[in-house]
Amino acid sequence: MFKNFDLNHRGSTVKITGALQLNQGTCTRVLYYHACLNFLVLFLSREKYKANSKHKHINMKIQHHSLKFSRITLYSSCIIIALSVATLSFKNDDKKVRRSIYTSTSEDDSTVSQKAFLEVYKVLMSPRCMNCHPAGDVPLNGDDNHLHPQGVKRGVDGKGLYALKCSNCHQTENTPGLNMPPGAEDWHLPSSNMKLVFQGRSPHDLAMQLKDPKQNGGKSLNDLIEHMKTDLVKWGWQPGEGRTTPSLSYAEFFNQFKLWIDKGAVAPSQGSN
Ligand code: HEC
Ligand code: HEC
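**Quick notes on the overall build of the chain**
A tally of helices and strands in the chain yields nine helices and four strands. Along the chain direction, N to C, the helices and strands of the chain fall in the order β-β-α-α-α-β-β-α-α-α-α-α-α. The buried share among the 273 residues of the chain stands at 17%. Contacts in the chain between residues far apart in sequence, at least 24 positions, make up 63% of those at least 6 positions apart.

**Quick notes on the environment of Ala265**
Checked against the element boundaries, Ala265 lands in the segment after α9 (250-262). Put simply, Ala265 and Lys211 are 54 residues apart on the chain and 7.6 Å apart in space, counted from C-alpha to C-alpha. Once you skip the residues sitting within four places of it in the chain, Ala265 turns out to touch Ser113, Lys211, Leu221 and Trp260.

**Topic: the site of ligand 2**
Close to ligand 2 lie 24 residues; Asn131, Pro139, Cys166, Cys169 and Asn179 are nearest. Secondary-structure elements contributing two or more residues to the shell around ligand 2 are α3 (127-130) and α4 (166-169). Per-element accounting of the shell around ligand 2 gives the leading share, three residues, to α4. The residue makeup of the shell around ligand 2, split by class, is 11 nonpolar, 10 polar and three charged.

**Points about the nonpolar core**
Phe117, Val120, Leu124, Leu206 and Trp260 are the most contacted members of the largest nonpolar core, which totals 16 residues. Secondary-structure elements contributing two or more residues to this core are α2 (60-124), α5 (203-211) and α9. Sorting elements by how many residues they give to this core places α2 first, with seven residues. Residues within four places of Leu206 in sequence aside, it is in contact with Tyr121, Leu124, Phe198 and Arg201.

**Describing the site of ligand 1**
In the vicinity of ligand 1 there are 21 residues, among which Cys129, Cys132, Pro190, Asn216 and Gly236 approach most closely. The set of elements that each furnish at least two residues to the shell around ligand 1 consists of α2, α3, α7 (221-227) and α8 (231-235). With three residues, α8 is the largest single contributor of residues to the shell around ligand 1. When its residues are assigned to classes, the shell around ligand 1 shows 13 nonpolar, six polar and two charged.

Conventions we followed
Throughout this document, residue positions are counted from 1 along each chain, in the order its sequence is written. Both sets of labels track the order of writing: A upward for chains, 1 upward for ligands. Note on the predicted model: pLDDT of at least 70 is required for a residue's local features to be given, and 80 or more for side-chain atom pairs to be given and counted; whole-chain, interface and lining totals, by contrast, use all residues. Elements are defined by DSSP. Helices are runs of H or I of four residues or more, strands are runs of E of two residues or more, and each kind is numbered from the N terminus. Once C-beta atoms are placed from the backbone, each residue is buried if 20 or more other C-beta atoms lie within 10 Å of its own, exposed if 12 or fewer, and partly exposed for counts between those two. Distance between backbone-placed C-beta atoms decides contact: two residues are in contact if it is within 7 Å. The criterion for a residue being near a molecule or strand is simple: its C-beta atom, placed using the backbone, must lie within 6 Å of it. Amino acid classes used here: Ala, Val, Leu, Ile, Met, Phe, Trp, Tyr, Cys and Pro are nonpolar; Asp, Glu, Lys and Arg are charged; the rest, including Gly, are polar. Joined through C-beta atoms within 7 Å, a set of buried Ala, Val, Leu, Ile, Met, Phe, Trp, Tyr and Cys residues constitutes a nonpolar core.

See the structure below:
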């Protein structure tokens with residue numbers, strides 16, 4: 001009545017012991033009908049026996065046979081009732097199995113979500129993203145995340161301090177050539193009251209920060225997904241000459257980000273990476 005099968009869910013395999021509901025339901029029903037039928041037969045044969053004994057001309061052989069038949073029917077009814085009870089308790093097991101399937105899938109959702117975030121994390125910590133999400137007030141440059149030269153600073157709105165605005169040098173597109181300013185629509189850092197720091201954050205801390213509206217500028221989880229479609233994010237995959245791109249493709253990154261959120265936006269436990 002039990003069957004083992006594997007569920008392959010986005011790479012991770014879940015082993016499930018499933019009960020075949022149909023078989024058990026049908027089994028119980030058949031046993032009940034059988035038991036009822038047996039009682040009916042038993043009852044009828046007793047009536048027949050009584051009727052027979054009223055008349056004085058009883059064939060002893062028939063009477064004996066009929067008694068034996070009644071006893072067999074009685075015993076078999078008992079066995080069938082016992083079997084029915086056994087099947088009923090199987091049905092309870094079946095419920096337990098179903099409940100455990102449910103818990104194991106929801107556990108699995110959380111694992112899938114955490115794994116997806118660890119993929120997303122690789123991109124968030126890549127120089128292309130981290131350079132605009134620094135812990136301090138100076139943007140970072142290059143794959144070694146060194147401080148932006150030329151005395152560039154965040155400023156209150158993230159667009160540069162005083163006259164040294166990002167837009168003085170950064171255009172809406174990459175300026176061609178090695179070591180020339182990269183560019184995208186609205187090139188700037190997060191503002192000074194909502195710094196959205198990636199630098200130095202563990203996967204756990206960064207996940208908690210991203211989904212917290214108080215730390216992400218009031219964004220819902222859906223807003224976050226929408227944000228991943230913006231030019232500043234997409235720029236990471238067209239960063240201009242001489243700059244490396246993140247280890248995942250944009251499509252992979254987007255899918256993992258969405259998967260993280262769809263499966264519950266679960267933060268990986270502290271210490272995982
Ligand atoms: C030129 C600077 C810049 C670059 C490069 C950049 N970002 Fe951002 N990012 C910002 C700014 C500014 C914000 C704040 C939202 C806004 O004002 O658009 C932001 C917000 C975010 C947020 C929302 C944070 C939160 O807590 O809700 C995420 C996630 C994000 N960026 C991811 C990325 C990823 C991934 C990359 C790299 C592929 C990247 N960013 C590259 C400037 C940048
Ligand atoms: C005086 C000109 C100038 C100003 C002002 C300026 N930048 Fe830059 N920025 C550059 C140049 C040039 C580069 C390219 C450096 C290189 O590739 O070696 C650069 C590179 C960067 C990078 C590196 C991208 C990467 O992934 O390596 C970031 C991030 C950046 N700038 C952000 C900013 C922000 C934000 C502002 C405003 C707060 C700003 N810049 C203001 C000239 C400037």
